[in-house]
Amino acid sequence: MMETITLAPGLSICRIINGMWQVAGGHGYITPQKAVSEMELYHKSGLTSWDMADIYGPAEEFFGKFRQNLEKSGHDLSGLVGLTKFVPNSGSMSRTIVERAIRNSILQMNVTSLDLVQFHWWDYDDARYFDALYHLTELRDEGKIKHIGLTNFDTAQMQIMLDEGFTIVSNQVQYSIIDQRPQVEMEKFCKKNNIQLLAYGTLGGGLLTERFLDFEPTRIDLNTYSLQKYRNMIDAWGGWGLFQKLLQVLDKIAKKHHTSIANIATRFTLDKPQVVGVVIGARLGIAQHIEQNKQTFSLKLDPDDHSAIREVTLQANDLFHVIGDCGSEYR
Ligand SMILES: NC(=O)c1ccc[n+]([C@@H]2O[C@H](COP(=O)([O-])OP(=O)(O)OC[C@H]3O[C@@H](n4cnc5c(N)ncnc54)[C@H](OP(=O)(O)O)[C@@H]3O)[C@@H](O)[C@H]2O)c1
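Overview of the structure.

Cut-offs applied
Residues numbered from 1 in each chain as written. Predicted model: local features only at pLDDT ≥ 70, side-chain atom pairs only at ≥ 80, totals over all residues. Heavy atoms only, no water. Helix = DSSP H or I, 4+ residues; strand = E, 2+ residues; numbered from the N terminus. Polar contact = N/O pair within 3.5 Å; in protein donor to acceptor, adjacent residues only side chain to side chain. Contact = heavy atoms within 4.5 Å. Buried < 20%, exposed > 50% of the residue type's maximum accessible area, 1.4 Å probe, protein only. Pairing = 2+ DSSP bridges. Right-handed = clockwise from strand over helix to strand, strands pointing away. Salt bridge = Lys/Arg side-chain N within 4 Å of Asp/Glu carboxyl O. Near = heavy atom within 4 Å. Areas by Shrake-Rupley, 256 points an atom, 1.4 Å probe, with all protein chains shown as cover. Expected span 1.5 Å × (residues − 1). Arc of directions from axis to C-beta.

**A few points about the side chain of Arg267**
Logical step 1: By secondary structure assignment, the location of Arg267 is in helix 9 (residues 261-270).
Logical step 2: Polar side-chain contacts of Arg267 include one of 3.1 Å to the backbone oxygen of Thr296.
Logical step 3: Leaving out residues up to four positions away in the same chain, Arg267 has contacts with Glu3, Arg15, Thr296, Phe297, Leu299 and Leu301.

Dropping the structure here:
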């Protein structure tokens with residue numbers, strides 16, 4: 001059984017979202033044709049929601065081609081969802097600049113209106129992000145965008161945006177067994193303000209799998225940008241030794257439920273309050289885990305599983321204290 005959920009009015013998503021950062025480079029050689037045709041496999045299996053960004057190389061273009069192929073072959077497009085991001089460099093956020101970026105995403109993705117635009121801003125001290133939000137809101141009101149979300153904004157900035165009168169439906173942040181910072185402040189804030197969370201980094205780029213059980217990778221083994229990124233996160237969290245303890249516990253839980261460590265990690269994050277969906281990276285045309293990941297939907301974690309996980313995570317550093325609230329790692 002698939003799990004779907006309403007992210008915002010009129011926007012229903014599959015709770016496992018296919019992440020497309022992996023096609024942007026640093027994750028092995030992606031063959032465009034192979035990648036686009038593999039997207040159909042995900043769609044046909046029910047994994048019909050995609051996460052991309054204007055800065056993820058060919059991701060939006062792949063989505064547009066894939067969508068066109070579906071349309072041509074007479075497929076039902078009603079369940080297809082494309083979530084993208086607007087990640088501008090610092091600078092003037094005039095109407096022309098914002099509109100041009102949105103128009104480009106619309107063109108690339110072969111849609112008439114963007115389902116969700118998740119806005120990222122690098123420097124909170126640069127107040128021009130309010131200009132960007134103002135223009136995104138205008139474009140939403142004109143029908144070019146259905147909903148405005150955020151990515152990697154912290155709770156304090158979200159409060160400021162709401163105080164300024166902006167309507168935000170979601171924030172996409174790192175959320176996993178390793179990184180549980182959202183539950184310190186953001187979760188409560190989002191619940192109060194009806195903002196949903198989309199989680200990434202849930203599998204630590206693939207580290208939270210059997211592949212790394214009883215095996216310490218060298219820098220050469222960490223052969224994707226995401227493995228490298230999340231290895232650094234593990235080092236800040238408590239180091240490889242503690243991570244092995246965690247993997248051993250997760251492996252036991254996985255065996256008990258006849259499933260995999262990846263599914264335990266995904267279920268754990270999906271069950272967090274305010275989390276509507278987990279974005280799982282897909283190395284299109286290189287590796288796919290469609291059927292395995294769908295098994296998450298029939299998995300239920302019990303209190304013993306949670307306390308076994310907690311026993312390890314309690315020994316870790318408090319990442320909120322070490323790094324700061326969600327998104328601080330980018331600033
Ligand atoms: N907003 C942001 O700033 C931000 C930042 C990072 C990511 N994201 C989004 O989140 C997505 C996820 O990326 P991520 O870097 O966080 O990676 P991730 O989802 O934690 O890990 C993805 C990797 O996990 C492995 N995997 C997936 N399912 C598996 C299974 N069932 N069993 C074993 N291994 C499995 C795959 O490795 P193999 O390919 O090696 O098999 C895959 O490449 C991105 O594509 C992007 O859309 C957003």
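**Topic: the pairing of strand 7 (residues 145-151)**
Logical step 1: Most of strand 7 sits inside the fold, with six of its seven residues counted as buried.
Logical step 2: Here strand 6 (residues 114-119) runs beside strand 7; their pairing, made up of five bridges, is parallel. Its bridge partner being in strand 7, Leu116 is matched across the sheet by His147.
Logical step 3: Following the chain from strand 6 across helix 4 (residues 129-141) to the adjacent parallel strand 7, one finds a crossover that is right-handed.
Logical step 4: The pairing of strand 7 with strand 8 (residues 170-174) spans two bridges and is classified as parallel. Note on strand 8: the bridge partner recorded for Leu150 is Asn171.
Logical step 5: Chirality of the crossover, the property in question, places the unit of strand 7, helix 5 (residues 155-163) and strand 8 among those that are right-handed.

**Quick notes on the pattern of salt bridges**
Logical step 1: Following the criterion strictly, the structure yields 21 salt bridges and no others.
Logical step 2: The partner of Glu3 in a salt bridge is Arg15, and the shortest N-O contact between them spans 3.0 Å. On the criterion of sequence distance, the pair formed by Glu3 in the segment before strand 1 (4-8) and Arg15 in the loop between strand 2 (11-14) and strand 3 (16-19) is long-range, its members being 12 residues apart.
Logical step 3: Taking the relative accessible area as the measure of exposure, Glu3 reaches 14% and is therefore buried.
Logical step 4: The exposure class assigned to Arg15 is buried, which follows from its relative accessible area of 10%.
Logical step 5: Between Glu99 and Arg95 there is a salt bridge, with the nearest N and O atoms lying 3.1 Å from each other.

**Let's talk about unusual backbone geometry**
Logical step 1: Backbone geometry places Asn110, a non-glycine residue, at a positive phi of 60 degrees.
Logical step 2: If you trace the backbone, Asn110 turns up in the loop between helix 3 (95-109) and strand 6.
Logical step 3: On the accessibility criterion, Asn110 (28% relative accessible area) is partly exposed.
Logical step 4: Positioned with a positive phi, Gln274 is a non-glycine residue whose angle comes to about 75 degrees.
Logical step 5: When you line up the elements, Gln274 lands in the loop between helix 9 and strand 10 (275-281).
Logical step 6: Classification of Gln274 as buried rests on a relative accessible area of 16%.

**Some thoughts on the site of the ligand**
Logical step 1: Taken together, 30 residues form the shell around the ligand, and within it Gln22, Asp51, Tyr230, Arg283 and His289 come nearest.
Logical step 2: Within the backbone of Gly19, a nitrogen or oxygen atom sits 3.3 Å from an oxygen atom of the ligand.
Logical step 3: In the model, an oxygen atom of the ligand is placed 2.8 Å from a nitrogen or oxygen of the Gly205 main chain.
Logical step 4: Protein contacts shield 92% of the accessible area of the ligand, which totals 910 Å² for the unbound molecule.
Logical step 5: If you list the elements that add at least two residues to the shell around the ligand, you get helix 7 (225-237), strand 10 and helix 10 (290-294).

**Some thoughts on helix 7**
Logical step 1: Along its 13 residues, helix 7 runs 19 Å from first to last C-alpha, staying within 8% of the 18 Å computed at 1.5 Å per residue.
Logical step 2: Along helix 7, the positions that sit buried rather than exposed are Ser226, Leu227, Tyr230, Arg231, Met233, Ile234 and Trp237. Along the axis of helix 7, the buried residues cluster in a sector spanning 160 degrees; they form a single face.
Logical step 3: In this fold, the buried residues of helix 7 make contact with strand 8, strand 9 (196-200), helix 8 (239-256), helix 11 (303-313) and helix 12 (319-322).
Logical step 4: Positive backbone phi, at 90 degrees, marks Gly239, one or two positions downstream of helix 7.

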